[in-house]
Amino acid sequence: MDTPSRQACTGLSVLLALALTLSAAAQAFELPESVQIHGFLSQGYISTSGSNNFFGHSSDGGSWNYREIGVNGSWRPTPKLQFSMQVVGRDAGETDNDGVRIDYGFADYSFISDADRLWGARVGRITNPLGFYNETRDVPFTRPSILLPQGIYFDRNRNLSLSADGVQVYGEQRTSIGDFYFQAGAVQPRTEDPEFQHGFTNGAFPGELDGRLSWVGRALYERDGGRIRLAVSGGDFRGKYEPKPWKIDLQDGRFRFVPLIFSAQYNAEKWSLTSEFAPRRTAEFRGFGPFLPDGKFTGQSFYIQGTYRFAPKWEVVLRYDDLRWDKNDRNGKDWEAATGFPAHTRFAKDWTVGLRWDITPRIMLRAEYHRVKGTGWLAALENPGMRPNPIVPSTLEDDIDEDWNLFALLASFRF
Amino acid sequence: MSQIQGEKVGEATGRPYLASRLCLRFRSPVIADHRAHPRRRSPCLQRALLTCIVGWLLLVPRLPLAAELVVANPSAPVDALSPTALRAIFSMRLRSWPDGSPVRVFVLPDDAPDHVQFAKQLLSIFPHQLRRAWDRGVYSGTGQAPNRVESEAAMRAAVATTKGAIGYLPREMVDASVRVIEVE
């Protein structure tokens, strides 16, 4: 076991011990009613075909390197004021083995609260209101499947997507035609994802990535308490790269991501239909020097998903998820011609079928199967054949398959 | 007294989609009448009846009408709540009573028949939607979870003894230890 994995394991064990102690303490000392402690714990298994890897060496007998443990606490000294924090330990193959981190920690004050409205502000590290699932993306019970649709919820830059440091204002208006929710934040993004850093530095250039002033927001409409849900969310995430002195002259660089997501959901008693469409997801790089030419890609992705609760405690999900990194080069042919690297790294078409069994309200088991064409959401850290590396030439021998499949199992517990 | 409140509660469920279900239910004896005289049916009527029957089978939950009443601690500062306020409270989005004091929400387990009835009839939403709203609040730090009790008796005891408490009980469990909150 390599060192980062061991660190992650230690971190996870510490968290688990902390969680159990806290929940025992909560019962023993009878915390005030205004304090709540909750958490979750999950262990996954992922097996992939060919030599494609996802969350560890999944192509070689499967990977168990997919674990999530989280503990959160909230304290509401008065109905208008709440403090919340969640600490998460996560291991997801090479893309996440950084152990324990604070996913959110903020103060929330509501200025106006009555039967018809709620307006307030949050300060601290706050989850990004992007799409339907981002804010609770690590909690398996709140996800529609083991892996979120990767076309929109990339796991390879999960920290960047999940939360950011700053200020958010929020509002809620409950009217006779439905409820309207607004959130808008001015934040500094998190840049600690290994795969995200690797994307800029190719694993070879020393330097630091930092977030700059960025924006994120969502408007959501819910009718009949969520029977119909419609949302538009988006952000403008900016950051910079500062190189450390090295044997070749590296330059400062800037990056910018501008996602825009439209979301729609219909909830009946036994079934739900969900679709999200990201018509524009712009990624822009400037000034990184000759090894990462200035570039601007506008990608596009969507998924459509049906879930059916066919018996109490049982649910099945069927989904089609489609990702294009560059909507002007949908099949990656231009990319292949320009870089010599496989066209299929620029898109992914994923059919997913999954089963969920809630053994008890606290324990859940899941299984799912993905049939995928394209490798657009695999991580170059785990699949070296994906991306050119000017320093350490990659051998195209560990080539990856365009047509592949993924099987996953997950056990999850919460309190 | 409880009769009158029962009617009010019935009215509170009169959101468009539930109202149409209830109408269908009331019409069901008429459908049975027509069955008794098959020769009178025209093809058009037949089709309409078939649609009604299929619709009834698909849509109408087999539940008695408004068997649940909203109850609060006797110290609650109000006698009545609007359906909007009630749903906001049980979704854990409205945290205080009109006088600013904290609300303590009590619920039965998600699959308890009383919980299912309460959610569908008085809140006009499905239990899985409530669960999603609570989980989103708890795991994104923007809310808190309701207090769970395991039985109707525990519900009555908790609501009766906790300041600011609100919950629900089947009509026959309601006694003087809790205050019935009208929904209007």
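Residues numbered from 1 in each chain as written. Chains lettered and ligands numbered in written order. Predicted model: local features only at pLDDT ≥ 70, side-chain atom pairs only at ≥ 80, totals over all residues.

### Focus: the overall build of chain A
For chain A, the helix and strand inventory stands at 4 helices and 16 strands. Within chain A, the proportion of its 415 residues that are buried is 46%. Counting only contacts in chain A whose residues sit at least 6 apart along the sequence, the fraction spanning at least 24 positions is 62%. (Helix = DSSP H or I, 4+ residues; strand = E, 2+ residues; numbered from the N terminus. Buried ≥ 20, exposed ≤ 12 C-beta atoms within 10 Å, placed from the backbone. Contact = placed C-beta atoms within 7 Å.)

### As for helix α6 (residues 127-140) of chain B
Residue and element names in this part refer to chain B. In this model, α6 (14 residues) spans 20 Å end to end at C-alpha, consistent with the 20 Å of a helix rising 1.5 Å per residue. With 11 of 14 residues buried, α6 lies mostly within the body of the structure. Listed as buried for α6 are Pro127, Gln129, Leu130, Arg132, Ala133, Trp134, Arg136, Gly137, Val138, Tyr139 and Ser140. Of the residues trailing α6, Gly141 is marked for its positive phi of about 80°. (Expected span 1.5 Å × (residues − 1).)

### Here we look at the environment of Asp236 of chain A
Here Asp236 of chain A shows up in strand β9 (residues 228-243). Between the C-alpha atom of Asp236 of chain A and that of Ser214 of chain A, which follows or precedes it by 22 residues, the distance is 5.5 Å.

### A word on the interface of chain A and chain B
Contact residues are listed per partner, giving 31 residues for chain A and 33 residues for chain B. Counting residues per element, the ones that place at least two in the side of chain A that touches chain B are β1 (35-48), β2 (63-78), β3 (81-92), β4 (99-113), β5 (117-127) and β6 (163-175) of chain A. Counting residues per element, the side of chain A that touches chain B draws most heavily on β4 of chain A, at 4 residues. Of the residues that constitute the side of chain A that touches chain B, the class distribution is 9 nonpolar, 13 polar and 9 charged. (Nonpolar A, V, L, I, M, F, W, Y, C, P; charged D, E, K, R; others polar.)

### A look at unusual backbone geometry
Although it is not a glycine, Phe55 of chain A sits at a positive phi angle of roughly 55°. Looking at the element boundaries, Phe55 of chain A is found in the loop between β1 and β2. Positive phi values are uncommon outside glycine, yet Ser124 of chain B reaches one of about 60°. Its place among the elements puts Ser124 of chain B in the loop between α5 (113-123) and α6. C-beta crowding within 10 Å serves as the criterion here: with 22 such atoms nearby, Ser124 of chain B is assigned to the buried category.

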